[in-house]
Amino acid sequence: MTTTENTTTTTPAKRSIFRSEAAQKLLAFGALIVIFVFFSLASPFFLTKDNVIGILLATAVNGVLALGVTFVIITAGIDLSVGTVMTLAAMTTAVSIAVWHLPIPLGILVGLLTGMLAGAINGVVIARMKIPPFVATLGMMMIARGLALVIPAAIFGSVRPVYFSDSPLFGQIMMGSVIGALIPNLPVPNAVLILFGAALVAAFLLAKTVFGRYTVAIGSNEEATRLSGINVANWKTMVYAVGGLFSGLAGVMIASRLNSAQPGLGAGYELDAIAAVVIGGTSLSGGEGTILGTLIGAFIISTLTNGLRILGVPQEWQFVITGVIVILAVYLDILRRRAR
Amino acid sequence: MSDVLLVMEEIDKSFPGVRALDQARFELRAGEVHALIGENGAGKSTLMKVLAGVYSKDGGRIIYQGKEVDIPNPRVAQDLGISMIHQELNLMPHLTLAQNVFVGREPRQGVRFMLDEKQLNAQTQALFDSMRLRLDPRTRVANLTVATQQMVEIAKALSFNSKILIMDEPTAALTEAEIEELFRIIRELRAKGVGIVYISHRLEELKQISDRITVMRDGRYVGTEDAAAIPIERIISMMVGRTIYESAPEVPEHPSEEIVLEARNLNRGNVIRDVSFKLKKGEILGFAGLMGAGRTEVARAVFGADPLDSGEIYVHGKKANIKHPRDAVRYGIGYLSEDRKRYGLAVGLDVEANIVLAAFEKFLGKLGVVNSNKTRETGKYYVETLAIKTPSIQQRVKNLSGGNQQKVVIGKWLTADTDVLIFDEPTRGIDVGAKSEIYHLLNQLTQEGKSIIMISSELPEILRMSHRIMVMCEGRITGELTAAEATQERIMTYATQRRVLMAENGASGDPGVQEV
Amino acid sequence: MKSRHLLMAASLLVVLAMLVGCATPAATPAAPAASSGEQPAASSGEQPAAQTAARPFIPVISKGFQHQFWQAVKQGAEDAAKQYDVDITFEGPATEAEVDKQIEMLQAALAKNPQAICFAALDSQAAIPLLKEAQSKGIPVVGFDSGVDSDIPVATASTDNSAAAALAADKMAELIGGSGKVAVMVHDQTSRTGIDRRDGFVNRIKEAYPDIEIVNIDYGGGDHLKSTELAKAVIQANPDLKGYFGANEGSAIGVVNAVSELGMAGKLVVIGFDAGKLQKDAVRSGLMAGAITQNPVGIGFKCVEAAVKAIKGEAVEPVIDTGFYWYDASNMDESQFGPLLYD
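Attention now moves to the overall build of chain C. Summing up its helical and strand segments, chain C has 11 helices and 12 strands in all. Per-residue burial over chain C gives 55% buried out of 343 residues. Looking at chain C alone, contacts between residues at least 24 apart form 74% of all its contacts between residues at least 6 apart.

Regarding its fold elements, chain A presents 15 helices and two strands. Taking 2.2 N^0.38 as the reference for a compact globule, 340 residues should give roughly 20 Å; the C-alpha atoms of chain A span a radius of gyration of 21 Å, in line with that estimate. Dimensions of chain A along its principal axes, counting C-alpha atoms only, are 75 × 55 × 40 Å. Considering chain A as a whole, with its 340 residues, one finds that 57% of them fall into the buried category. Across chain A, every contact between residues at least 6 apart in sequence was considered, and the portion connecting residues at least 24 apart equals 75%. Surface accessibility of chain A: about 12800 Å² in total, with carbon and sulfur atoms responsible for 73%. For chain A, the distance from the average site of its 19 positive side-chain charges to the average site of its 12 negative ones is 4 Å.

Moving on to the packing of helix H5 (residues 146-158) of chain B against helix H6 (residues 176-191) of chain B. For any two helices packed against each other, the geometry comes down to the angle between their axes and how far apart the axes lie. Residues and elements named next belong to chain B. Between H5 and H6, the shortest axis-to-axis distance is 11 Å and the interhelical angle comes to 5°. On the basis of their axis angle, the class for H5 and H6 is roughly parallel. For the pair formed by H5 and H6, the contact residues are Ala 147, Met 151, Ile 154 and Leu 158 on the first element and Glu 178, Glu 181, Leu 182, Ile 185 and Leu 189 on the second. When its residues are assigned to classes, the contact of H5 with H6 shows seven nonpolar, no polar and two charged.

Time to look at the domain arrangement of chain C. All names here are of chain C. What the domain assignment reports for chain C is domain 1 (40-159 + 296-323) and domain 2 (161-294). In this structure, domain 1 and domain 2 have C-alpha centres spaced 31 Å apart. Taken together, the nine residues of domain 1 in the interface contact seven residues of domain 2. Of the roughly 760 Å² buried where domain 1 meets domain 2, counting both sides, 51% is carbon and sulfur surface. Tallied by class, the residues present in the side of domain 1 that touches domain 2 amount to three nonpolar, four polar and two charged.

With that settled, consider the nonpolar core. One finds Val 61, Phe 71, Phe 246, Ile 254 and Ile 291 of chain A to be the most contacted residues of the largest nonpolar core, which totals 89 residues. Ranked by the residues each element gives to this core, the list is headed by helix H3 (residues 49-74) of chain A, at 13 residues. With sequence-adjacent residues up to four places away left out, Val 61 of chain A is seen in contact with Met 86, Met 174, Ala 250, Met 253 and Ile 254 of chain A together with Leu 225 of chain C. By size, the runner-up hydrophobic cluster in this structure holds 68 residues, among which are Leu 279, Ile 355, Ile 438 and Leu 481 of chain B.

Moving on, we get to unusual backbone geometry. Glycine aside, residues mostly have negative phi angles, and peptide bonds mostly take the trans form. For Asn 265 of chain B, which is not glycine, the phi torsion reads 50° and is therefore positive. By the secondary structure assignment, Asn 265 of chain B is in strand E13 (residues 259-268). With relative accessibility at 39%, the residue Asn 265 of chain B sits in the partly exposed group. Unusually for a residue other than glycine, Asn 113 of chain C sits at a positive phi of about 50°. Along the chain, the position of Asn 113 of chain C falls in the loop between helix H4 (99-111) and strand E3 (117-119).

Moving on, we get to a nonpolar patch on the surface. Residues and elements named next belong to chain A. Among the surface-exposed residues, Leu 27, Trp 317, Val 320, Val 324, Leu 328, Val 330, Tyr 331, Leu 332, Ile 334 and Leu 335 lie close enough to one another that they form a single nonpolar patch of about 840 Å² accessible area. The element contributing the most residues to the nonpolar patch is helix H15 (residues 315-339), with nine residues. Inspection of the secondary structure puts Leu 27 in helix H2 (residues 22-42).

In this section: the interface of chain B and chain A. Taken together, the 39 residues of chain B in the interface contact 35 residues of chain A. For the chain B and chain A pair, buried surface summed over both sides reaches about 3300 Å², with 58% attributable to carbon and sulfur atoms. Sorting the residues of chain B by area buried against chain A places His 94, Leu 115 and Arg 134 of chain B first, and these three jointly supply 17% of that buried surface. For the pair chain B and chain A, the number of links is one salt bridge. For the salt bridge of Glu 117 of chain B with Arg 213 of chain A, the shortest nitrogen-to-oxygen distance reads 3.1 Å. Applying the counting criterion to the chain B and chain A interface returns 10 residue pairs in polar contact (both at pLDDT 80 or more). Listed by contribution, the elements that provide at least two residues to the side of chain B that touches chain A are helix H2 (74-80), strand E8 (114-115), helix H4 (117-130), H5 and H6 of chain B.

Residues and elements named next belong to chain A. Positionally, Leu 206 belongs in helix H9 (residues 190-208). Sequence-wise, Leu 206 and Ile 291 are 85 residues apart; in three dimensions their C-alpha atoms are separated by 7.9 Å. Excluding residues within four positions of it along the chain, Leu 206 makes contact with Phe 71, Ile 74, Gly 212, Arg 213, Val 216, Gly 289, Thr 290 and Ile 291.

Let us look at the confidence of the model for chain A. Summary statistics for chain A give a mean pLDDT of 87 and a share of 91% for residues scoring 70 or more. Here residues 1-20 of chain A scores under 50 on pLDDT; set against residues more than four positions off or in separate chains, the count is 45 contacts.

This brings us to the side chain of Ser 260 of chain A. Note that Ser 260 of chain A resides in strand E2 (residues 260-261). If sequence neighbours within four positions are ignored, Ser 260 of chain A has contacts with Val 162, Tyr 163, Phe 164, Ile 254 and Ala 255 of chain A together with Leu 278 of chain C.

Attention now goes to helix H10 (residues 210-220) of chain A. In an α-helix, one full turn covers 3.6 residues, which means residues spaced three or four apart are oriented alike. Burial analysis of H10 of chain A places 11 of its 11 residues in the buried class, the great majority of the element. Those residues of H10 of chain A not exposed but buried are Val 210, Phe 211, Gly 212, Arg 213, Tyr 214, Thr 215, Val 216, Ala 217, Ile 218, Gly 219 and Ser 220 of chain A.

This part is about the confidence of the model for chain C. Residue and element names in this part refer to chain C. Across chain C, the average pLDDT comes to 83, with 84% of residues at 70 or higher. By mean pLDDT, the top-scoring element of chain C is strand E8 (residues 241-246) (96), and the lowest-scoring one is helix H2 (residues 49-54) (48). Counted against residues more than four places away or in other chains, residues 25-52, with its pLDDT under 50, gives 24 contacts. For this predicted complex, the interface score ipTM comes out at 0.79, while the overall pTM is 0.71.

Now for the packing of helix H7 (residues 168-175) of chain A against helix H12 (residues 232-258) of chain A. Residues and elements named next belong to chain A. Between H7 and H12, the shortest axis-to-axis distance is 7 Å and the interhelical angle comes to 115°. In terms of orientation, H7 lies roughly perpendicular with respect to H12. H7 and H12 meet at a crossing whose hand is left-handed. Only Val 252, Met 253, Ala 255, Ser 256 and Arg 257 of H12 make contact with H7, whose side of the interface consists of Phe 170, Gly 171, Ile 173, Met 174 and Met 175.

We now examine the sheet that holds strand E14 (residues 272-280) of chain B. All names here are of chain B. Spatially, four strands are ordered E14-E13-E16-E17 in an open sheet, and the strand pairing comes out antiparallel. Two strands lie at the open edges of the sheet, namely E14 and strand E17 (318-320), each paired on one side alone. For this sheet, the mean inter-axis angle between neighbouring strands, taken without regard to orientation, is 20°. By the bridge criterion, five bridges tie E13 to strand E16 (residues 310-315) in an arrangement that is antiparallel. Bridged to Arg 264 within E16 is Glu 312. Taken strand by strand, helix H9 (residues 295-302) contacts E13, E14 and E16, and its axis lies near 70° from that of E14.

So, on to the interface of chain C and chain A. Contact residues are listed per partner, giving 35 residues for chain C and 37 residues for chain A. Here chain C meets chain A over a buried area of about 3100 Å², counting both sides, of which 58% is carbon and sulfur. At the boundary of chain C and chain A, one finds three salt bridges. The salt bridge involving Arg 257 of chain A is made with Glu 261 of chain C; its shortest N-O contact spans 2.6 Å. Broken down by secondary-structure element, the contributors of at least two residues to the side of chain C that touches chain A are helix H1 (2-23), helix H3 (68-84), strand E7 (212-219), helix H8 (224-237), helix H9 (249-261) and helix H10 (277-285) of chain C. By residue number, the principal contributor to the side of chain C that touches chain A is H8 of chain C, which donates 10 residues. When the residues that make up the side of chain C that touches chain A are grouped by side-chain class, the tally is 11 nonpolar, 13 polar and 11 charged.

Definitions and limits used
Residues numbered from 1 in each chain as written. Chains lettered and ligands numbered in written order. Predicted model: local features only at pLDDT ≥ 70, side-chain atom pairs only at ≥ 80, totals over all residues. Heavy atoms only, no water. Helix = DSSP H or I, 4+ residues; strand = E, 2+ residues; numbered from the N terminus. Buried < 20%, exposed > 50% of the residue type's maximum accessible area, 1.4 Å probe, protein only. Contact = heavy atoms within 4.5 Å. Rg over C-alpha atoms; globule rule 2.2 N^0.38 Å. Areas by Shrake-Rupley, 256 points an atom, 1.4 Å probe, with all protein chains shown as cover. Lys, Arg positive; Asp, Glu negative; His and termini not counted. Charge placed at Lys NZ, Arg CZ, Asp CG, Glu CD. Axes fitted to C-alpha atoms, helices over the stretch in contact; angles between N-to-C directions. Parallel < 35°, antiparallel > 145°, perpendicular 65-115°, else oblique. Nonpolar A, V, L, I, M, F, W, Y, C, P; charged D, E, K, R; others polar. Domains from an automatic or database assignment. Buried area = accessible area lost by both parts, 1.4 Å probe. Core = buried A, V, L, I, M, F, W, Y, C linked by side-chain atoms within 4.5 Å. Patch = residues over 30% accessible without salt bridge, like charges linked within 9 Å, V, L, I, M, F, W, Y side chains within 5 Å. Salt bridge = Lys/Arg side-chain N within 4 Å of Asp/Glu carboxyl O. Polar contact = N/O pair within 3.5 Å; in protein donor to acceptor, adjacent residues only side chain to side chain. pLDDT = per-residue confidence, 0-100. Left-handed = near helix turned anticlockwise from the far one by under 90°. Pairing = 2+ DSSP bridges.

And the structure:
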């Protein structure tokens, strides 16, 4: 067996919790550092405590959405509905707390379940009815958008935002600061903690659980996974449900941040989330992707937005620059693969 | 030995437009290697996929260990102790070896959904050790050669402690040494009482390894014989259901002296070194050599698929500037790739569309609208003249057998008015009956004045078909033989004529012609 | 397998049927009792033919319907419909980018042979051919809000956005003491209201207050969250910023969020535009110095009123200014603002 002996020289995959190849992490992380250094040199207002905290906070909602989409994209799927499902979850949370006067934790649960349910429906439509993910989640995107408008219309007789007037505590979920209470000099809002907490959970799910393993397996070779006796349809449904759960969390977060549920919000958020995932090195053809990469991708987007604003670069150019970075990130990834 | 482990009887299975299995049957004893053979499309793989739970049968019974069983999905098959190594590799390239071997059966820790990666790697290591495979369980599958992946598939199948192991063409991608190792493992398993189903096209191999042979044809059971007793010719005639003229070499008509294609001093890096040759009208020019000798590279360079560093190509005596396959097509050169599915065919399209694909402009009307009457006629014409077995020209090409797919590719290039056809391994993966049809077709083409370059790794094929033979080794042409001079020994001598050896021989004149 | 898929498709249809079943009552005369209950017939477009023949039918095509502002316009239009005994429909595309959707709505409305049309164009040029068709059929067109950039409309009921933003500029100058840096957050750089409010504010500052410098003009799409993040960056980059003008509700709320998150309350003069609960709360709590409100109810009312007059052949003013008002903590609870400061 000469050939098999030769293969002993191959390198085993990394075993960190974020399980990935070091190269991609370095690439994205390096890009983030470069962007940071550039803006720090270009403006004295960039590298201040308040502004860095601001960037962290600005990443929270998009970051959580992107975490959910990461799982879906690793299975070689796509989820276009995350933005409007987020809005719908914000709306159900707001209605639970502000209209039905449920306790806040219960209201949050309603939001999370709303997201998860929408995701599970996506999953069933994709895995059982064999509708392509693009189409299925496009449909859900419209359905969720419609429902987010229908709910206030049914309750108040007209489409309008729902406010958390009687629940000042709800806003504290995002904007309160547990860290600030402990270390007065570091008023990092809870939103940032939630983002990192969610990322840890996501990384654990992806690297250490059966769920994560099958997510990668399905994306790597769906037919082989099926032939290995794994119920691909069920696991796929779960992947979309988990993606939806993260959208639900983002919904609770944006409602808390804005102290209201805005029914018209959410369109376009899915593209930012997908961009973060892609910049983070997750392959749209499936099988490959990391939570850390997605997190870095989300930070790159919010850092760019913030830095270009601080420099006063005309906003039209911000879109152009972000677009170039998305394409560049994917192209570098292709080059890296080819080099292997 | 006489312990019957499995009986499949009256198995029916239909796919849209095709009756894949028609009252098929099969029997397997514990501790035997049972070869299952037949032409492509005979239903071997389908029958075994029914057993492995990949397809559900339309009718019939599966009796396993004396009881009738129902196998609706792969999981049930695995639980029963039936595993199958599929023809196409079925590994997850992004996962490690250990993760692949135990996918679906990962050891857990603590809470049920948490993986125990340490235990997983240890189990896999133990399994590899027992197979004498020196592999790191933590290697990613994507980093392995195809042959190694194949061994991993076998390891995976063994890890189920299967009572029945089905192998569909397991040796297709393996080297001789690897095949020996595989056979050793198969014999060990047989000694342990495992029933092994072995699907292969390599008839010599079957005589070596199997105890009994069952032949299928057109989805039906033909017969079961003792492997030791039955001669190969008998097996072949059972497979094709008719006697075919095997081995009688076609007497090559001497082609004209007109040169249609000439290559002068082609060079590309290390893979093509100073290659020159001439192709005459109506000739089959064989290209022999070992794997990696550079034959495919020369063909691709001539066809414009890869760039040349230097060298000239002449078509009908005029210098040709071929930078891209579409230039080659304009000069009347067609290339029929080794990997038909990847490079030669749009397998999702139907027969008609594939045939007209390379010459689409010919079928456009004045306004750029496709003249579908004309395409249909052309499709029908080639289906008839090339005897392509297909229910209709609207059949999707992926549903055809390998031999018929090859014919579709030929039809495609004929439609494009090519007069030089480069065949790269034209009969790879094609069964015996279809092979002889392809040979027939090649001869017919030369009689019509087409010129053919045929790359083949099968020496009998080269010897039987070629007017002249170019032998390559390590990127250079090491010898040229006429049909009269050529023998297997001579070709092998040239094919192993490595640079180092030539130097030792003092590169005196023509070393290869000396008898070995 | 097949039958299972059929089953699934069938159940999907059933769900759809149920959804439609739930949704339709809201549009039939049974529903209004449950909601506003004031104009039982006004909001329904699917009136029996006999009724349409008896009463003039005026479709109102707005630039949106989700936003509070449009809901207020709708209310005004319905009030006028009730008062003048006409039938109206009120519709608009989901976002202000959907020019094509709005054109489709206009086309569908024309096909119903209305007596007059009220129209707020997202893109005037795109609507011209259809408006010409209306003109040739003798159907009077009344513009409202941003109106229609053409001479076809017999009248336009709108806020003078330029003048309204200039008032915001005057208030800004007054509150920051006539000098210093200010920034502007606008909803977009392509819509009429976005352009008018931005230019109205900027031009007034340039003309009248040479000591005030406008450091940044940003576009947050009216999205609360995006506007917040943008405004935060601008405030970070300009520690000596004295004032911030938000040109619509979403933009203004974004600025308010930014100020409160950065702990700058009281250090920065924020001036908003339009109403809505969040903006009203901000004014009350002092986070926002004040805001300009339009009269959306008036816009809706006046345009339908003008349409009714045009049908009767009465003379109408070509430009009907529906007015705008400055409100702050001191005056916002006065009764005159009641219907203007919607939630």
